[in-house]
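Fold and contact review
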Amino acid sequence: MASPPQLSIVIPVYNEELNLPTLFARLYPVLDGLGRGYEVIFTNDGSADRSMELLRAQHGSRPDVTRVIDFNANYTQHMAIMAAFERVRGQIIVTLDADLQNPPEEIPKLLAKIDGGFDYVGGFRLNRQDSFFRTYASRLINYVREHTTSIEMTDQGCMLRAYRRPIIDAIVRSGAINTFIPALAYSFSGNPTEVGVKHEERHAGVSNYSFYKLVRLNFDLITGFSIAPLQYFTMFAMASAACSFVLVLVLAYMRIFLNDNTNGVFTLFGIMFFLLSVAMIGIGLIGEYVGRSYQVVRARQQYFVREVLETSDTARTAANSNPKPN
Ligand code: UDP
Ligand code: MG
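Keep in mind that this is a model prediction, so the values were computed, not measured.

1. Details of the packing of aromatic side chains
Summed over the entire model, instances satisfying the criterion amount to 10 aromatic pairs. For the ring pair tyrosine 120 and tyrosine 186, a centre distance of 5.9 Å and an interplane angle of 85° mean the geometry is edge-to-face. With tyrosine 120 in strand 5 (residues 120-125) and tyrosine 186 in helix 7 (residues 181-188), this pair connects stretches of sequence that are 66 residues apart. You'll find tyrosine 120 and tyrosine 186 in the same group, each marked buried. Here the basic side chain of arginine 139 rests over the ring of tyrosine 136, its NZ or CZ set 5.0 Å away from the ring centre.

2. Regarding the coordination of the magnesium ion (ligand 2)
Here the magnesium ion (ligand 2) is held by Asp99 (OD) and Gln101 (OE1), and the distances to it run 1.9 to 2.0 Å. Comparing aspartate 99 with glutamine 101, the two get one shared label, buried.

3. Regarding the packing of helix 6 (residues 165-174) against helix 7
Between two packed helices, the angle of one axis relative to the other and the distance separating the axes together describe the packing. Between helix 6 and helix 7, the shortest axis-to-axis distance is 9 Å and the interhelical angle comes to 115°. Of the possible angle classes, the one that applies to helix 6 and helix 7 is roughly perpendicular. Helix-helix and strand crossings are classified by hand; for helix 6 and helix 7 the assignment is right-handed. Contacts between helix 6 and helix 7 involve Ile167, Ala170, Ile171 and Ser174 from the former and Ile181, Leu184, Ala185 and Phe188 from the latter. Across the contact of helix 6 with helix 7, the residue classes break down as seven nonpolar, one polar and no charged.

4. Quick notes on helix 8 (residues 211-225)
Along its 15 residues, helix 8 runs 22 Å from first to last C-alpha, staying within 8% of the 21 Å computed at 1.5 Å per residue. Restricting attention to buried positions, one finds in helix 8 the residues Leu214, Leu217, Asn218, Asp220, Leu221, Ile222 and Thr223.

Cut-off values and rules
Residues numbered from 1 in each chain as written. Chains lettered and ligands numbered in written order. Predicted model: local features only at pLDDT ≥ 70, side-chain atom pairs only at ≥ 80, totals over all residues. Heavy atoms only, no water. Phe/Tyr/Trp six-rings, centres within 6.5 Å; stacked < 30°, edge-to-face > 60°. Helix = DSSP H or I, 4+ residues; strand = E, 2+ residues; numbered from the N terminus. Buried < 20%, exposed > 50% of the residue type's maximum accessible area, 1.4 Å probe, protein only. Lys NZ or Arg CZ within 6 Å of the ring centre and 35° of its normal. Donors = N, O, S within 2.8 Å, 3.2 Å for Na, K, Ca; no water. Axes fitted to C-alpha atoms, helices over the stretch in contact; angles between N-to-C directions. Parallel < 35°, antiparallel > 145°, perpendicular 65-115°, else oblique. Left-handed = near helix turned anticlockwise from the far one by under 90°. Contact = heavy atoms within 4.5 Å. Nonpolar A, V, L, I, M, F, W, Y, C, P; charged D, E, K, R; others polar. Expected span 1.5 Å × (residues − 1).

So, to be careful, I would describe these as geometric facts and stop short of saying anything about function.
This is the structure:
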């Protein structure tokens, strides 16, 4: 058997036909120059464009180091990464985006940190090249995450990250549903660090993240890593119950002892609406947790792989003129 590569690069791909040729042209020379055995695992996340054709061609021209997982439909970036994590062969795993917002030239920086003994290296974007809205929304989200979970991360949105294999194995074993990989990895890491990386504008095309998808992702992140929202809600509900009790006492006092009956109905309506809205928020929150439990309990397969393009270990050995003994 050929010895497994040392490094696995994991790249989710969704409608990136305009970016893939440049990505190939920039990524492979960087990896070839590292002097380590590597593999690149692309997951085609149900692209509707020519992405799969391009990946197939790339597998054809670099079969020894290229693997392609083809989903039958679009299952989100994180599922695409999970599918690759389940198949990695390297001891060091690097994730990055296909749109060249994470320059492949920055990979050696992450590897230097891993070699320095860290088991988790998170990239943070030095010069973020996103829209004003995205940049500020993500600052707010970082703040909320920091105060509701114990995850410390300068830039949760940066997917250029490196991990040691045990962390990836732990993520795969955890069977996490729909969750946020950098945060999950952080919670499994023993010796995390961060490094600043360049950020470029999307090479071509537009972001695949709609406002709705971003809100969903962050709701997942908060509810997936803490039950603080439930606890805050309970405390808030208790406080508001106490306040409304006092209000009822005051109203009763005014009615009985001062015989003041004006606006009573409207005050009550006000209180009713308020309490009703509190109850609705609570139901929504509980629904979120119930939904998560439901997904785990149901344990349905999260994605369906249509095809995997890879060269088996034996075939790789055959292709290798000087195979190393096991
Ligand atoms: N992506 C994916 N599935 C999706 C959406 C995105 O695999 O449903 C991939 C996409 O091809 C890219 C990465 O995830 O490699 C980041 O996506 P995008 O650039 O749209 O996100 P942004 O940079 O705006 O956060
Ligand atoms: Mg992008």
